[in-house]
Amino acid sequence: MFEARRTRPMRIVLASSEAVPFSKTGGLADVTGALAKSLDQLGHDVVLIVPDYYLLRQSAKGLPPIYDTGLKLTLTMNGRPITCSVNWSTLPGTQVRVLLVRQPDFFDRRQLYQEHGHGYVDNCERFCFFSRVIPEICRRMVLRPDVIHCNDWQTGLVPALIHSQYAGSPGFENTATVMTLHNMAYQGRFWHLDMPLTGMDWRYFNFHHMEAWGDLNLLKTGIAFADQITTVSPTYAKEICTSDGGYGLEGLLNHRRNDLVGILNGIDDDVWNPEKDSLLPSPYSAATRSTGKPKCKAHLQERLKLPVRQDVPVLGMVSRMADQKGFDLVMGSAERLLKQDLQLVFLGTGDPHYEGQLKELAQRYPQKVAAEIGFDESLAHQIEGGSDIFLMPSRFEPCGLNQMYSLRYGTVPVVRKVGGLADSVTNLNGDPASLNAATGFVFTDYQRDVFAQTVERAVETYRNKPVWDRLVQNGMAQDWSWNRSASRYVDVYQRAHGRMAARNAENRC
Ligand code: ADP
Ligand code: GLC
């Protein structure tokens, strides 16, 4: 499946606060699980390190067996000794070793980061602990990583620790760091008095390293110290260097522009593939979709207690309910859209404000709107399979995975032209020639009328069967698997190595 590897295998430690199938709140989990698998298929030696959300995994389905490594580690956090144990498992279908950091006080919670819209008050301590354990695990288990690949603020401290405390020490002679930015809106900002939790010297609490606007900032820390920085789409890589997209860190990102690259996420073809998706009532391929997809649609309508009708377009949305995702546009144009003969299907959880609004909309339009509040993997797949149109009118979107799942599932996306949405969906415009390459509907201005018009255009096109079929075919024919992107990460790892070697040589001088 993958091209033969030409480089020597690397030992890659992938550090993340969530990874499928062990834990998930959003795309980060999909990406770390799938990237680990693809790097393994490319022949690299991958170790994935995640927190062990022990309570949550008790109810998870399809997890591989998890064992105790016997390793226990104690760190002193702000004068207090804190101990964790390390469990291990294997990523299904791969040779990837998964190490799960078990610290019940920090990770045996009902959620990963927040409850009722409020982050846990000890999030800084929880993820500083997790980050500080990662190099210790590498040392004690003699992992000797070539690269530690960190993701988001939860592991942003790791590059700083490697750079300032571990570089060149036994087991870290060859260790470069890479920081991937999945979302600049979440930076891990905490008040300055949390600095001792990081285990870093106060001299790093400055504008060039760990401080931003008076606070300790763990994402900035990662950006400042990592050998290479990536983000999850080429367009987002440009956006975050501007004042609109950088959330206050655009100065530093511009400064590190030569070390920053945007690599579009892929999708895990074993999990998100309509041909072999066991969560669909009737899996289908591009060739069999005319029989398979209607069955999925009827099943979805039945499951959500909507009238079972093939002639009505079903518009789906699966999303974290956050400002980022454009819910204000959706809510602001819902009444207008519902004047038409269509069904709206929502699955999501997050901001209680949007949850309430959606529930209320579903109560007012029981024949036209279904809103499921919660996290439901099977329904997410069934919405991708059973809808005709998928809505992603994001205010900003670093990459976005659901639009790629939609393309794969023959569900035509309506997206805003930002970040990874701009990089993955091609607009059908008035020019008939655009149908050759079009895969969806794209709008630019973040305005409810513009969004509503675009949805109306999609619904109108849905009724023009030959055009619609072509759009669906175009989307289903595309390859969004990790084949495209995984090897680009390997290039980044190599570049990170080059920079690390130069840095070490400089230190020796
Ligand atoms: P983000 O990471 O910003 O939330 P992405 O589009 O990258 O957005 O990824 C979202 C992932 O989370 C997708 O796999 C999507 O199906 C899943 N998801 C989001 N909300 C839910 C939910 N309520 N139930 C099940 N899956 C969900
Ligand atoms: C973030 C972004 C999303 C991206 C995901 C995985 O949560 O919001 O756009 O797809 O990370 O990289």
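Note that the structure is predicted; figures quoted are calculated from it, not measured.

What follows covers the overall build of the protein chain. A count of helices and strands for the protein chain gives 17 helices and 20 strands. The C-alpha radius of gyration computed for the protein chain amounts to 23 Å, which stays within 12% of the reference 23 Å derived for 509 residues, consistent with globular compactness. Counting only C-alpha atoms, the protein chain reaches 70 × 45 × 45 Å along its principal axes. Within the protein chain, the proportion of its 509 residues that are buried is 60%. Long-range pairs, those at least 24 residues apart, make up 72% of the contacts in the protein chain between residues at least 6 apart in sequence. Summing over all exposed atoms, the protein chain offers an accessible surface of approximately 20400 Å²; the carbon and sulfur share of this is 50%.

To continue, consider the pairing of strand S3 (residues 67–77). Bridge count between S3 and strand S4 (residues 80–90): eight bridges; the pairing is antiparallel. Bridge pairing links leucine 75 to isoleucine 82 in S4. Counted along the chain from S3 to the antiparallel partner S4, the turn is two residues long, and its residue asparagine 78 has a positive phi close to 55°.

Moving on, we get to the sheet that holds strand S8 (residues 147–151). Read from one edge of the open sheet, nine strands run S3-S4-S5-S2-S1-S8-S9-S13-S14, paired in mixed fashion. The sheet terminates laterally at S3 and strand S14 (260–262), the two strands that pair on one side only. Pairs of neighbouring strands in the sheet enclose a mean axial angle of 25°, with direction left out of account. Summarising the sheet, strand S1 (residues 11–15) and strand S2 (residues 45–51) pair through five bridges and their orientation is parallel. Within S2, the position partnered with alanine 15 by the bridge is isoleucine 49. This element, helix H4 (residues 123–140), spans S1, S2, S3, S4, strand S5 (97–102) and S8 of the sheet and lies at about 120° to S3. Where helix H17 (residues 483–508) meets the sheet, its contacts fall on S1, S8, strand S9 (176–181), strand S13 (228–231) and S14, and the angle it forms with S9 comes to roughly 130°.

So, about the site of ligand 2. Around ligand 2, the surrounding shell holds 13 residues, and the nearest of these are His182, Asn265, Glu397, Cys399 and Gly400. The side chain of histidine 182 places a nitrogen or oxygen atom 2.6 Å from an oxygen atom of ligand 2. Within the side chain of glutamate 397, one N or O atom sits 2.4 Å away from an oxygen atom of ligand 2. Starting from 310 Å² of accessible surface for ligand 2 in isolation, the protein chains cover 92%. Per-element accounting of the shell around ligand 2 gives the leading share, three residues, to helix H1 (residues 27–41). Residues that form the shell around ligand 2 fall into these classes: five nonpolar, six polar and two charged. Both domains that meet at the shell around ligand 2, namely domain 1 (13–266 + 483–508) and domain 2 (289–479), each give it at least three residues.

This paragraph deals with the domain arrangement of the protein chain. Per the domain assignment, the segments making up the protein chain are domain 1 (13–266 + 483–508) and domain 2 (289–479). In this structure, domain 1 and domain 2 have C-alpha centres spaced 32 Å apart. Between domain 1 and domain 2, the buried area comes to about 1500 Å², and carbon and sulfur atoms account for 57% of it. For lysine 24, the salt bridge goes to glutamate 377, with nearest N and O atoms at 3.8 Å. The tally of links from domain 1 across to domain 2 stands at seven residue pairs in polar contact (both at pLDDT 80 or more). Every element with two or more residues in the side of domain 1 that touches domain 2 is listed here: H1 and helix H7 (234–239). At four residues, the largest contribution of residues to the side of domain 1 that touches domain 2 is made by H7.

With the rule as written, the count across this model stands at 33 salt bridges. The residue arginine 97 makes a salt bridge to aspartate 45 at a minimum N-O spacing of 3.7 Å. Of the two residues, arginine 97 is situated in strand S5 and aspartate 45 in strand S2; the sequence distance between them amounts to 52 residues. A relative accessible area of 35% places arginine 97 in the partly exposed class. Of the charged contacts, one joins aspartate 311 and arginine 309 as a salt bridge, the two residues approaching to 2.9 Å between their closest N and O atoms. By relative accessible area, which is 46% here, aspartate 311 ends up partly exposed. On the basis of relative accessible area, arginine 309 is assigned to the partly exposed category, the value being 28%. Among the charged side chains, a network of salt bridges with common partners joins Asp227, Arg256, Asp259, Arg499 and Arg503.

This next bit is on the site of ligand 1. Inspection of the region around ligand 1 gives 20 residues, with Gly27, Asp30, Arg320, Lys325 and Gly374 positioned closest. Residue aspartate 376 places a main-chain N or O atom 3.0 Å away from a nitrogen atom belonging to ligand 1. Here an oxygen atom of ligand 1 sits 3.4 Å away from a polar atom, N or O, in the side chain of asparagine 402. Within the complex, 94% of the 560 Å² of free accessible area of ligand 1 lies under protein. Looking at the shell around ligand 1, the elements with two or more residues in it are H1, strand S15 (314–321), strand S16 (343–350) and helix H13 (402–408).

Conventions and cut-offs
- Residues numbered from 1 in each chain as written.
- Chains lettered and ligands numbered in written order.
- Predicted model: local features only at pLDDT ≥ 70, side-chain atom pairs only at ≥ 80, totals over all residues.
- Heavy atoms only, no water.
- Helix = DSSP H or I, 4+ residues; strand = E, 2+ residues; numbered from the N terminus.
- Rg over C-alpha atoms; globule rule 2.2 N^0.38 Å.
- Buried < 20%, exposed > 50% of the residue type's maximum accessible area, 1.4 Å probe, protein only.
- Contact = heavy atoms within 4.5 Å.
- Areas by Shrake-Rupley, 256 points an atom, 1.4 Å probe, with all protein chains shown as cover.
- Pairing = 2+ DSSP bridges.
- Axes fitted to C-alpha atoms, helices over the stretch in contact; angles between N-to-C directions.
- Near = heavy atom within 4 Å.
- Polar contact = N/O pair within 3.5 Å; in protein donor to acceptor, adjacent residues only side chain to side chain.
- Nonpolar A, V, L, I, M, F, W, Y, C, P; charged D, E, K, R; others polar.
- Domains from an automatic or database assignment.
- Buried area = accessible area lost by both parts, 1.4 Å probe.
- Salt bridge = Lys/Arg side-chain N within 4 Å of Asp/Glu carboxyl O.

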